[in-house]
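Architecture at a glance
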Amino acid sequence: MAAYTREQLEHSKPLDLNLTVAIDEGSINKVVNEVYSQLSLEPHNKNKALNNLKCIILNLVNNYEEDKFLFTAIHLNEKKYIADRYNKNKISKAITKLPEKLEQSGYIYFHKGIRYPNYSRISRLLPLPKLLQLVKDKGVNPDLITHRPDTETVVCQKKIKIRGKKNKIKEDIPYQDNEETRSFRKLMVDYNNLLNETHIDVLNQPREGIKFGKSKSPVKVNQNKKFMRRIFSNKDFSEGGRIYGGFWQQLNSEWRSRIMIDSYPTTEVDYSGLGIQTIYDKYEIPKFKGDAYDLEPIGWDYGNYDKEELRPLLKYALMIMLNSSNYGESLYAIREKLQEEDDLFLPIGVSLQDIIEAFTKRHEPISQYFYKSMGGIQYRLDSEICAKIISYFL
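Read on for a plain summary of the structure. (Residues numbered from 1 in each chain as written. Predicted model: local features only at pLDDT ≥ 70, side-chain atom pairs only at ≥ 80, totals over all residues. Heavy atoms only, no water.)

Describing the overall build of the protein chain
Our working rule: The secondary structure listing takes helices from DSSP runs of H or I that are at least 4 residues long and strands from runs of E that are at least 2 residues long, numbered from the N terminus. When accessible area is computed with a 1.4 Å probe and restricted to protein chains, residues below 20% of their type maximum are described as buried, those above 50% as exposed, and intermediate ones as partly exposed. We call two residues in contact whenever any of their non-hydrogen atoms come within 4.5 Å of each other. Only four residue types enter the charge count: Lys and Arg as positive, Asp and Glu as negative, with His and the chain ends excluded. The location of each charge is read from NZ of Lys, CZ of Arg, CG of Asp or CD of Glu.
Across its full length, the protein chain holds 12 helices and 15 strands. Buried positions account for 43% of the 394 residues belonging to the protein chain. Within the protein chain, counting contacts between residues at least 6 apart in sequence, those at least 24 apart form 70% of the total. Averaging the locations of the 60 positively and 53 negatively charged side chains of the protein chain gives two centres separated by 7 Å.

What follows is the structure, encoded as structure tokens:
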């Protein structure tokens, strides 16, 4: 069996408990039934076993369609599978027994999770040719895999530090509904219904999907990948709230300019400096003059390059400086972005520290809010703007 590197195993998506097939559910059920017949399961509830098995297979096929080396990350902790708002398929704890049985029957590659003092990782799955051929023979169309219509659209999450990993992972947390959350949900349901009736396409897209920059896998245009959720980062809904889920959100500016809605071309309006303006507005601080990302007002010498070349880096820097808890963390994160993103420009002979210092000076009135993990508050403000725009068009 192939051995995968740590980096390859990190290329994964968590098991989605709310997947289904838009139409022709009979095809996937044939796959599930045949696989089930080949598994040697201990005494169990057959209907629950089929339901759990279907969840795993849908995730494997869906992720493989996106990228054949995209792992499905699955918890083997039974406590992770409870009946709550985030588990509409009612996946049970018995799902934790299936990966080993699927591996023994030759359907999947199963890399069991590990827990060391300085590093941990939950289990990883990949489909093997035996399963993929069965899916093909039974006529399952991966493009029809989507979210259940009743999937929860208002999500609260918390960040959890995982040993040995630089970034925290996000985990859904329960909450009590109130008038506000019900209004959030109604908007999202209405928005998803509108998206279901709308054809969103990208002009001149490659058959294999849209790939750009250093992205590991292409973005595939799919009318069943338009389900949107509003995700908050605390229980009182005071932070976060941005709306995620559409395939178009993964595109860069060049490809977004080719988006077609019901065969009509679109225009993307860029409100310059909106993100930073929300912080000035929230604390009723007089706004800066001119371009938020122009350092010339504080005496910056652009030399032989144009200020527009520096703008993408400054946008990322602002986002990171507001999200991070200290200067060192911020500097490290910005350096990582420079390595990952092709469109970020750092002038030769100019240090990142100098640019951050200049940007801080440019926005000295709000510099007290840098390195204070303020990003969630800013996202909450701009998410309300987004929600009001969506509401206007519904």
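And the narrative resumes.
Some words on helix H2 (residues 25-38)
Applied cut-off: Working rule for helices: expected span equals 1.5 Å times residues minus one.
Under the 1.5 Å per step criterion, the end-to-end length of H2 is 21 Å for 14 residues, consistent within 8% with the ideal 20 Å. All buried positions along H2 are accounted for by Ser27, Ile28, Val31, Val32, Val35 and Tyr36. On its buried side, H2 packs onto strand E2 (19-21), helix H3 (46-66), helix H4 (98-104) and helix H5 (129-137).

Some thoughts on the sheet that holds strand E4 (residues 108-111)
Rules: By the convention used here, strands pair only if DSSP detects at least 2 bridges between them. Every angle, taken between N-to-C directions, lies between 0 and 180 degrees, and every axis is a line fitted to C-alpha atoms, over only the stretch in contact when it is a helix.
What the four strands build is an open sheet, ordered E1-E3-E7-E4; its pairing is mixed. Whereas interior strands pair on both sides, the edge strands pair on one side only; in this sheet they are strand E1 (12-14) and E4. On average, adjacent strands in this sheet sit at an angle of 30° to one another, irrespective of strand direction. Here four bridges tie E4 to strand E7 (residues 123-127), and the two strands are oriented antiparallel to one another. Residue phenylalanine 110 lies in a different strand from E7, and its bridge partner there is leucine 125.

A few points about the packing of helix H10 (residues 327-340) against helix H11 (residues 352-362)
The condition is simple: In this scheme the handedness of a crossing depends on how the near helix is turned from the far one: anticlockwise by less than a right angle means left-handed, clockwise means right-handed. Gly is placed with the polar residues, together with every amino acid not listed as nonpolar (Ala, Val, Leu, Ile, Met, Phe, Trp, Tyr, Cys and Pro) or charged (Asp, Glu, Lys and Arg).
Viewed as axis vectors pointing N to C, H10 and H11 meet at an angle of 115°, and their least axial separation amounts to 11 Å. For the crossing formed where H10 meets H11, the hand is right-handed. Where H10 abuts H11, its residues Tyr327, Leu331, Ile334, Arg335 and Leu338 lie against Leu352, Gln353 and Ile356. Tallied by class, the residues present in the contact of H10 with H11 amount to six nonpolar, one polar and one charged.

Concerning the nonpolar core
Condition: Buried Ala, Val, Leu, Ile, Met, Phe, Trp, Tyr and Cys residues form a nonpolar core when they are joined through side-chain atoms within 4.5 Å.
Judged by nonpolar contacts, the single largest core of 35 residues is most densely connected at Val31, Val35, Leu53, Ile57, Leu102 and Leu131. If you tally residues by element for this core, the top one is H3, at nine residues. Non-local contacts of isoleucine 57, meaning those with residues more than four positions away in its chain, are made with Ile28, Val31, Val32, Val35 and Leu131. Among the nonpolar cores identified, the runner-up in size contains 34 residues, and Ile276, Leu295, Leu313 and Ile320 belong to it.

Overview of the sheet that holds strand E12 (residues 229-232)
Within the open sheet, the four strands sit side by side as E10-E9-E12-E13. Their pairing is mixed. Both edges of this open sheet fall to strand E10 (169-173) and strand E13 (240-244), since each of them pairs with a single strand only. This sheet shows a mean twist of 35° between the axes of neighbouring strands, independent of strand direction. Taken together, the five bridges between strand E9 (residues 154-160) and E10 define a ladder with antiparallel strand orientation. Across the sheet, residue lysine 159 finds its bridge partner in E10, namely lysine 170. Contacts from helix H6 (residues 179-196) reach E9, E12 and E13 within the one sheet, and its direction differs from that of E12 by about 145°.

Some points on the environment of glutamate 309
Tracing the chain through its elements places glutamate 309 in helix H9 (residues 307-323). Counting along the chain gives 35 residues from glutamate 309 to leucine 344, while the straight-line C-alpha distance between them is 7.9 Å.

Concerning the packing of aromatic side chains
Two aromatic rings are characterised by how far apart their centres lie and by the angle between their planes. Operational definition: Aromatic rings from Phe, Tyr and Trp, with only the six-membered ring used for Trp, were paired whenever their centres fell within 6.5 Å, and each pair was classed as stacked if the ring planes differed by under 30 degrees, edge-to-face if by over 60, and tilted otherwise. Charges are assigned to positions over rings by a cutoff of 6 Å between ring centre and Lys NZ or Arg CZ, combined with an angular limit of 35 degrees from the ring normal.
Applying the stated criterion across every chain, the model contains 16 aromatic pairs. Here tyrosine 392 and phenylalanine 393 contribute two aromatic rings whose centre-to-centre distance is 5.0 Å and whose plane-to-plane angle is 85°, an arrangement assigned as edge-to-face. Across the pair, exposure class does not vary: tyrosine 392 and phenylalanine 393 are exposed alike. Members of the aromatic cluster, joined through ring pairs, are Tyr175, Phe184, Phe232 and Phe237. Its guanidinium or amino end placed over the ring of phenylalanine 184, arginine 230 lies 4.7 Å from that ring's centre, counting from NZ or CZ.

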